[in-house]
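# Observations on chain architecture
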Amino acid sequence: MTAALRIFFFGGITSYRALFHWLTPWILIPTFIVEPIFQVLFFAFVGRDAGVGDDSFYLIGNAVQFAAIPCLFAMGNTIGNERYTQTLGLLLASPARRLPLFLGRALPVIINGFCVSLVVLVLGALVLRVHIPAEAWVPIVGVLVVTSFSCTGLGLATAALALRVRETAVLSNIIIGILIVFCGVNVPLSALPAWMSTISYVLPLTHGIEAARDLAGGASWSAVTGLVATEALIGVVYAALGMAMLFALEVESRRHASLELA
Amino acid sequence: MKILRLVAVGWWLQLKNRSRSSFDGLLSILYPLFFATTIFFLYRQNGDEAALVSAAVGASLMGVWSAVSTSASTTLQGERRQGTLELLVAAPTPFSLVILPATVSMATIGLWSFIVTLLWGRFAFGIPISFDQPLVFVIAAVVMTFSLGLVGFLQAMASVRYRAAWALGTLFEFPVWLVCGFLVPLSSLPDWVTPIAYLLPPTWGVSAVRAAAFGGSPWRDIALCLATGAIYAAIGVALSRRLVDSARGNATLALT
Amino acid sequence: MPVIEVDQLARSYRSGSRFSRGARTEVEAVRGISFEVEPGELFGLLGPNGAGKTTTIKMLITLLLPTGGSARVLGYDVVADPREVRRRIGYVFGGDKGLYERLSGYDNLRYFAELYGVPPREQRQRIAELLDLVGLTGKEGQRVEGYSRGMRQRLHIARGLLHKPDVLFLDEPSIGIDPVGARELRETVAALVSTGTTVLLTTHYMFEDDELCDRIAVIAGGAILAEGTPEQLKSRVADGHVVEIEVFDGVDDRIDAVRAIAGVTSVGVESSDRSQLLVVRTAAAAQVTPAVLAALEGRSLGRVATREPTLEDAYVELVRDA
């Protein structure tokens, strides 16, 4: 059990550090603070120009969405990079328990996405002078945690899928693009064609954004528990899917002696 | 003449190389489509046809900037990883003339994205596109593409010396979309933004393309788009010698 | 006038950044080396990994500024006149990088022909000649991503020769290519030298230098340890002999005992699948051999042989002493 915990924390953190070893304040601040804020401002002003929604709608939609980007990229890249540096084979072949290994990988990523999201929410509310009721902040933080988790679940599934395709970054980008259009980030689900809003209900993010908007609009925690539970469940399903795919891949590569997937 | 040929061949081969990459080529065309789709849905909610058509042009042009700003500062990192950066510097051709065609080729990919997005708007969203002055519209779009390539050139130059500069590329994507009038008119933004917008070639490019599409004289804007772009290029050229020497001094040309 | 003049050339690197933990450290990669290469010569820089070979070459081809000393190529200073130097030299490095993967071999050459100012009218013919020289004719239309290592290396050579350089710098060109490819490469290089091109080659393969080079400088730890023709270098250990003994059941625990024998100058071990080869360098083989055999008492031995020293022996001797 202690070994499992060690791999959970250590394996996760070391690989995350390797992934982000280039992170200096010069990159950190632009990537995780300035750029997201401008995205919020952009859509808020576009919304004003188009005469739809209000600043709060775009602030919350985009802020919650920022939980998704780091989760998806980091998960895809962590596992993709393992393959690139040809350590994936070593990793899969190691006797370490796989579940804690990959969950360990996910944890720092979840925290990262969560922080970005929260920082954007706070700064965006200040810049756009959006009022979020004081009592709503704690439940919103709860929603962010759950949404970060569910997006990491999708990230794990993406990462597993990425082992089958060559271009990890392209795949992650396309999935993020889909989330941005489908999940009600900037376009209310009611404005989407029916088939699109149907899909959006099985994607992470959708329910989280809705719950956060309800909370910011004054709803109580008990009014959004259904949404939050659905968001969490979606995350669990994607994570399980990702784990299953990784496991299948490991078995298959061992059989075909193709651990270093070309 | 020799320089023109060099730029043309460099542009063509870099474009060929880039188009074959799923990240630089395919994604540069696909990704702006996601944003454009969002924007089409946004403006469609009100049922204001004129606003939707205007937004369609702006949203399509966003892809040109997107292609430049995301690739310009990562391209040299790519060359560095590929081991070709040293070879480019070791060639007797001035480094500026090697890099300029490369960044213009990125903008050219953005031009494809512009066309694809317009067609996407036309066929997926039924947004009618008819142009007041079709030929001038094409000229304005090409000039804007070239001029944004010049801005990308300065970005790329900065990344010769500073390996972390690639992160700054994506930093400029949304701010430029916001302040250059792609969708939001300058008059809707705080006054202090206006002088900044005037210094950015996309402001004039977007204005020129709009004028060509919806009526009005685009020529002044076309000229200003080119002129502001030239300023960025001039700064890039002026810096190139110093930045390359600095990279030689600090051993940042190779990846190790 | 020498084609390459290197005078007290030095280069140090600073490592560590402001944001990383730990202090900045200064590493001296090249410590004031001097040598000259005459026209038409094939000069070898021989040394182990990390000896400073690549750093030296990068200073000579103007990619890296020296932190001390000076260097001139064809009379032009590498710091003051980089363009003049770049116009006249070619640079080829080993490994499979440095090519545009998604472009064809032909397009790669066309691009660099343009960058090196090869006149448009001559480009087509020049590229065809070079493809022929490196044996890639017929493959030039394929994308480089489908090339083998050897093909990539040959394409590199063609690229380096596009503008008919007066001096060619080859940095570990045979890294990762198979023995047949490496032999073909040596033949190509020898052919170039016979047409008057001056070549500076770095390698850590001794036989490459022994076979090809007119003169060699052995470099280790950023300093030149010895310089001369392969014969001269070999003669530094020529008064000695080398005793080689094949051992089947492990020799590592006896090395110290062998080293302690009077008259033994150095001991090395080369391992193969089935056995280990104990290489004993000595001034006088006749006296030492019985003592060495005595030290290996009880081991099952194979071949025992005495031979003249090779360039490799001279090299090992030099680098070991450094």
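### A word on the overall build of chain B
Assigned secondary structure in chain B consists of 11 helices and 0 strands. The order of α-helices and β-strands along chain B, N terminus first, is α-α-α-α-α-α-α-α-α-α-α. Taken over C-alpha atoms, the radius of gyration comes to 18 Å for chain B, in line with the 18 Å a tight globule of 256 residues would show. Seen through its principal axes, chain B has C-alpha atoms that stretch 60 × 35 × 35 Å. A separation threshold of at least 6 residues defines the contact pool for chain B, and within that pool the share at least 24 residues apart is 80%. Of the accessible surface of chain B, which amounts to about 9400 Å², a share of 70% is contributed by carbon and sulfur atoms. Positive and negative side-chain charges in chain B, numbering 16 and 10 respectively, have mean positions lying 13 Å apart.

### Observations concerning the nonpolar core
Among the nonpolar cores identified, the biggest contains 122 residues, and Phe42(A), Tyr43(B), Leu61(B), Met62(B), Phe114(B), Phe182(B) and Leu183(B) are the most heavily contacted of them. For this core, the element with the highest residue contribution is helix α3 (residues 49–82) of chain B, accounting for 12 residues. Once residues lying within four places of it in the same chain are set aside, the contact partners of Tyr43(B) are Val46(A), Asp49(A), Ala50(A), Ala51(B), Leu52(B), Ala55(B) and Leu183(B). One finds Val98(B), Phe35(C), Val73(C) and Ile216(C) within the second-largest nonpolar core, a separate group that totals 102 residues.

### A word on helix α3 (residues 55–65) of chain A
Most of α3(A) sits inside the fold, with 10 of its 11 residues counted as buried. The complete set of buried residues in α3(A) reads Asp55(A), Phe57(A), Tyr58(A), Leu59(A), Ile60(A), Gly61(A), Asn62(A), Ala63(A), Val64(A) and Gln65(A).

### Some details on the pairing of strand β9 (residues 215–220) of chain C
All names here are of chain C. Burial within β9 is extensive, with 6 of its 6 residues counted as buried. Residues Arg-215, Ala-217 and Ile-219 point to one face of β9 and Ile-216, Val-218 and Ala-220 to the other, with burial holding for every one of them. Strand direction decides the pairing type here: strand β3 (residues 42–46) and β9, joined by 4 bridges, are parallel. When the sheet's bridge partners are listed, Phe-43 is paired in β9 with Arg-215. Two strands pair when backbone bridges link them, and β9 and strand β10 (residues 223–228) are joined in this way by 5 bridges, in the antiparallel orientation. Paired with Ile-216 across the bridge in β10 is Gly-228.

### Examining the interface of chain B and chain C
Of the residues lining the interface, 34 residues belong to chain B; the matching set on chain C comes to 36 residues. Note on chain B versus chain C: buried area summed over both sides is about 3300 Å², and carbon and sulfur give 55% of it. If you sort the residues of chain B by the area they bury against chain C, Leu87(B), Pro92(B) and Arg248(B) come out on top, with a joint share of 23%. Counting across the interface, chain B meets chain C through 3 salt bridges. Put simply, Lys16(B) and Asp107(C) hold a salt bridge, and the shortest N to O gap is 2.5 Å. Here chain B is connected to chain C by 17 residue pairs in polar contact (both at pLDDT 80 or more). Broken down by secondary-structure element, the contributors of at least two residues to the side of chain B that touches chain C are α1 (2–19), α3, α4 (85–90) and α11 (219–250) of chain B. Take the side of chain B that touches chain C: its biggest share by element is 9 residues, from α1(B). Across the side of chain B that touches chain C, the residue classes tally to 15 nonpolar, 10 polar and 9 charged.

### A look at the side chain of Arg213(A)
Take Arg213(A): it is sitting in helix α10 (residues 206–216). Although Arg213(A) is buried, it makes no salt bridge; Asp54(A) carries the closest opposite charge, 7.0 Å away.

### Observations regarding the side chain of Asp55(A)
Residue and element names in this part refer to chain A. Relative to the assigned elements, Asp-55 resides in helix α3. A relative accessible area of 14% means that Asp-55 is categorised as buried. Dropping the residues within four chain positions of it, Asp-55 is found in contact with Ala-44, Arg-48, Leu-128 and Val-130.

### Concerning the confidence of the model for chain A
Residues and elements named next belong to chain A. A residue-level look at chain A finds 69% of positions with pLDDT of 70 or above and a mean pLDDT of 78. Per-element confidence in chain A is highest for α10, whose mean pLDDT is 95, and lowest for helix α1 (residues 2–19), whose mean pLDDT is 39. Here residues 1–19 is modelled with pLDDT under 50, and outside its nearest four sequence neighbours on either side it reaches 29 contacts, counting other chains as well.

### Some remarks on the sheet that holds strand β13 (residues 276–282) of chain C
Residue and element names in this part refer to chain C. On the basis of which strands lie adjacent, the open sheet formed by 4 strands has the order β12-β13-β11-β14 and antiparallel pairing. Whereas interior strands pair on both sides, the edge strands pair on one side only; in this sheet they are β12 (264–271) and β14 (301–307). Going across the sheet, the axis of each strand differs from the next one's by a mean of 15°, ignoring polarity. Bridge count for strand β11 (residues 241–247) against β13 is 7 bridges, and the pairing is antiparallel. From the neighbouring strand, Val-247 faces β13, where its bridge partner is Gln-276.

### Brief notes about helix α10 (residues 201–214) of chain B
Residue and element names in this part refer to chain B. Between its terminal C-alpha atoms α10 stretches 20 Å, which fits the 20 Å expected from 14 residues at 1.5 Å a residue. Within α10, 12 of the 14 residues are buried, which leaves the element mostly enclosed by the surrounding structure. Regarding α10, the residues found buried are Pro-201, Pro-202, Thr-203, Trp-204, Gly-205, Val-206, Ala-208, Val-209, Arg-210, Ala-211, Ala-212 and Ala-213. Buried residues in α10 make contact with α3, α5 (95–124), α6 (134–161), α8 (173–179), α9 (193–198) and α11. Once α10 ends, the next one or two residues include Gly-215, with phi positive near 105°.

### Points about the interface of chain A and chain B
With 37 residues of chain A at the contact, the number on the chain B side is 33 residues. In total, about 3100 Å² of surface goes out of reach between chain A and chain B, with carbon and sulfur atoms giving 78% of it. On the surface where chain A and chain B come into contact, there are 0 salt bridges. The interface formed by chain A and chain B contains 2 residue pairs in polar contact (both at pLDDT 80 or more). Secondary-structure elements contributing two or more residues to the side of chain A that touches chain B are α2 (25–50) and α8 (168–182) of chain A. In terms of residue class, the side of chain A that touches chain B is built from 28 nonpolar, 6 polar and 3 charged.

### So, the packing of aromatic side chains
Following the criterion strictly, the structure yields 23 aromatic pairs over all chains and no others. Here the aromatic rings of Phe42(A) and Phe43(A) are separated by 5.1 Å at their centres, their planes lie at 75°, and the arrangement is edge-to-face. Summarising the burial analysis for this pair, Phe42(A) and Phe43(A) share the class buried. A network of ring pairs unites the aromatic residues Phe42(A), Phe43(A), Tyr31(B), Phe34(B), Phe35(B), Phe174(B) and Trp177(B) as a single cluster. Above the plane of the ring of Phe123(B) lies Arg122(B), whose end atom (NZ or CZ) is 5.6 Å from the centre.

### Overview of the pairing of strand β4 (residues 68–73) of chain C
All names here are of chain C. With 2 bridges connecting them, β4 and strand β5 (residues 76–77) associate as antiparallel partners. Residue Arg-72 lies in a different strand from β5, and its bridge partner there is Asp-77. A loop of 2 residues connects β4 with β5, the two strands running antiparallel in sequence, and Leu-74 in this loop sits at a positive phi of about 55°.

### Considering the environment of Val258(C)
All names here are of chain C. In this structure, Val-258 sits in helix α9 (residues 255–259). On the basis of relative accessibility, which here comes to 0%, the residue Val-258 falls in the buried class. When the C-alpha atoms of Val-258 and Val-292 are compared, they prove to be 5.9 Å apart, with 34 residues separating the residues in sequence. Beyond its immediate stretch of four places on either side in the chain, Val-258 contacts Val-264, Val-267, Leu-278, Val-280, Val-292 and Ala-295.

### Points about the sheet that holds strand β7 (residues 167–171) of chain C
Residue and element names in this part refer to chain C. If you walk across this open sheet you meet the 6 strands as β6-β7-β8-β3-β9-β10, and the pairing is mixed. One side of each edge strand has no neighbouring strand; the edge strands of this open sheet are β6 (89–93) and β10. Here the strands of the sheet are splayed against their neighbours by 15° on average, with no regard to which way each runs. The pairing of β6 with β7 spans 5 bridges and is parallel. Within β7, the position partnered with Gly-90 by the bridge is Leu-168.

About the thresholds
Residues numbered from 1 in each chain as written. Chains lettered and ligands numbered in written order. Predicted model: local features only at pLDDT ≥ 70, side-chain atom pairs only at ≥ 80, totals over all residues. Heavy atoms only, no water. Helix = DSSP H or I, 4+ residues; strand = E, 2+ residues; numbered from the N terminus. Rg over C-alpha atoms; globule rule 2.2 N^0.38 Å. Contact = heavy atoms within 4.5 Å. Areas by Shrake-Rupley, 256 points an atom, 1.4 Å probe, with all protein chains shown as cover. Lys, Arg positive; Asp, Glu negative; His and termini not counted. Charge placed at Lys NZ, Arg CZ, Asp CG, Glu CD. Core = buried A, V, L, I, M, F, W, Y, C linked by side-chain atoms within 4.5 Å. Buried < 20%, exposed > 50% of the residue type's maximum accessible area, 1.4 Å probe, protein only. Pairing = 2+ DSSP bridges. Buried area = accessible area lost by both parts, 1.4 Å probe. Salt bridge = Lys/Arg side-chain N within 4 Å of Asp/Glu carboxyl O. Polar contact = N/O pair within 3.5 Å; in protein donor to acceptor, adjacent residues only side chain to side chain. Nonpolar A, V, L, I, M, F, W, Y, C, P; charged D, E, K, R; others polar. pLDDT = per-residue confidence, 0-100. Axes fitted to C-alpha atoms, helices over the stretch in contact; angles between N-to-C directions. Expected span 1.5 Å × (residues − 1). Phe/Tyr/Trp six-rings, centres within 6.5 Å; stacked < 30°, edge-to-face > 60°. Lys NZ or Arg CZ within 6 Å of the ring centre and 35° of its normal.

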